[in-house]
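# Overview (structure and organization)
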Amino acid sequence: MSSVPSPHSDLVGALYRDHRGWLLAWLRRNVACAQRAEDLSQDTFVRLLGREELKAPREPRAFLVAIAKGLLFDYFRRAALEQAYLTELMLIPEAEQPSVEEQQIILEDLKHIDRLLGKLSSKARAAFLYNRLDGLGHAEIAQRLGVSVPRVRQYLAQGIRQCYIALYGEPT
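Residues numbered from 1 in each chain as written. Predicted model: local features only at pLDDT ≥ 70, side-chain atom pairs only at ≥ 80, totals over all residues. Heavy atoms only, no water.

Per an unreviewed UniProt entry, the protein is named RNA polymerase sigma factor, and its organism is Pseudomonas viciae. Checking UniProt for the protein, the heading Sequence similarities (unreviewed entry) contains the comment "Belongs to the sigma-70 factor family. ECF subfamily." (UniProt positions renumbered as here; feature names shortened; annotations may be inferred.)

Right under this line is the structure:
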């Protein structure tokens, strides 16, 4: 962590001291790997330290579980993404497969793209992927998602904005 204290350090410290053991036990019941549970526990508190606003929760354990569930969901989504990539990689003839180093770079790029698209709503993400990966047009996407064509355009613009941010940073 950085040497600059968070404005919420005392509150996060108290939550950590009072509930870390309980949260870690909860995570261990939901993740097969003890080290992964430990990492997710730490990530939960780091996320709290990074918040701009943080008030003492009325139900601290429910609050911590909600954050941990989001991190857990992200972990499982990234693991599924990695497995899908490895499965697709096995379909490529060995002579055409990228080197191990290139495979790692590609996987890291996929994870980065996943994080960026994860900032979109589920419908915006689906619209963007339908358009960019499946080549579907606006009308077909609208029909699949049960939304209007103008809404699809908005979703696609949101996806393109995330790509812009990835390449050039936040627009000013």
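Having seen it, we continue.
Time to look at the overall build of the protein. Check the secondary structure of the protein and you find seven helices and zero strands. Starting at the N terminus and ending at the C terminus, the protein contains elements arranged as α-α-α-α-α-α-α. By its C-alpha atoms, the protein is 50 × 45 × 30 Å across when sized along the principal axes. Burial analysis of the protein (172 residues in total) assigns 28% to the buried set. When contacts within the protein are restricted to residue pairs at least 6 apart in sequence, long-range pairs at least 24 apart make up 53% of them. Per element, the accessible surface of the protein, about 11,500 Å² overall, is 54% carbon and sulfur. Distance between charge centroids for the protein: 10 Å, based on 23 positive and 21 negative side chains. (Helix = DSSP H or I, 4+ residues; strand = E, 2+ residues; numbered from the N terminus. Buried < 20%, exposed > 50% of the residue type's maximum accessible area, 1.4 Å probe, protein only. Contact = heavy atoms within 4.5 Å. Areas by Shrake-Rupley, 256 points an atom, 1.4 Å probe, with all protein chains shown as cover. Lys, Arg positive; Asp, Glu negative; His and termini not counted. Charge placed at Lys NZ, Arg CZ, Asp CG, Glu CD.)

Inspection of the secondary structure puts D74 in helix α3 (residues 60-90). One polar contact links D74 to R77, side chain to side chain, over a distance of 3.1 Å. (Polar contact = N/O pair within 3.5 Å; in protein donor to acceptor, adjacent residues only side chain to side chain.)

Here we take up the side chain of S41. With respect to the secondary-structure elements, S41 resides in helix α2 (residues 34-49). Excluding residues within four positions of it along the chain, S41 makes contact with R20, L23, L24 and L27.

Here the structure, examined in full by the defined rule, presents three aromatic pairs. Judged by centre distance (5.0 Å) and plane angle (75°), the ring pair of Y16 and F45 falls under edge-to-face. Separated by 29 residues along the polypeptide, Y16 in helix α1 (residues 9-30) and F45 in helix α2 bring together distant segments of the chain. Considering the side-chain rings of Y75 and F76, the 5.2 Å spacing of their centres and the 55° angle between planes classify their relative orientation as tilted. Y75 sits in the partly exposed class, given a relative accessible area of 22%. Across from the ring centre of Y130, 5.1 Å away, lies the NZ or CZ of R144, which sits over that ring. (Phe/Tyr/Trp six-rings, centres within 6.5 Å; stacked < 30°, edge-to-face > 60°. Lys NZ or Arg CZ within 6 Å of the ring centre and 35° of its normal.)

The next subject is helix α5 (residues 122-132). Buried residues of α5: A124, A127, F128 and N131, and no others. An end-on view of α5 places all buried positions within 95° of arc, on one side of the element. Close packing links the buried residues of α5 with α4 (100-117), α6 (138-145) and α7 (149-168). (Arc of directions from axis to C-beta.)

In this section: α2. Taking 1.5 Å as the rise per residue, α2 with 16 residues should run 22 Å; its terminal C-alpha atoms sit 23 Å apart, in good agreement. Three or more residues of α2 are buried, namely A37, L40, S41, T44, F45 and L48. End-on view of α2: buried residues confined to an arc of 130°, all on one side of the axis. Where α2 is buried, its residues contact α1 and α3. (Expected span 1.5 Å × (residues − 1).)

Take the packing of α5 against α6 next. Here α5 crosses α6 at 140°, and the two axes come no closer than 10 Å. Taken as axis vectors, α5 and α6 run oblique relative to one another. Two packed elements cross with a definite hand, and for α5 against α6 that hand is right-handed. Across the interface between the two elements, K123, A126, A127, Y130 and N131 of α5 pack against H138, I141, R144 and L145 of α6. Tallied by class, the residues present in the contact of α5 with α6 amount to five nonpolar, two polar and two charged. (Axes fitted to C-alpha atoms, helices over the stretch in contact; angles between N-to-C directions. Parallel < 35°, antiparallel > 145°, perpendicular 65-115°, else oblique. Left-handed = near helix turned anticlockwise from the far one by under 90°. Nonpolar A, V, L, I, M, F, W, Y, C, P; charged D, E, K, R; others polar.)

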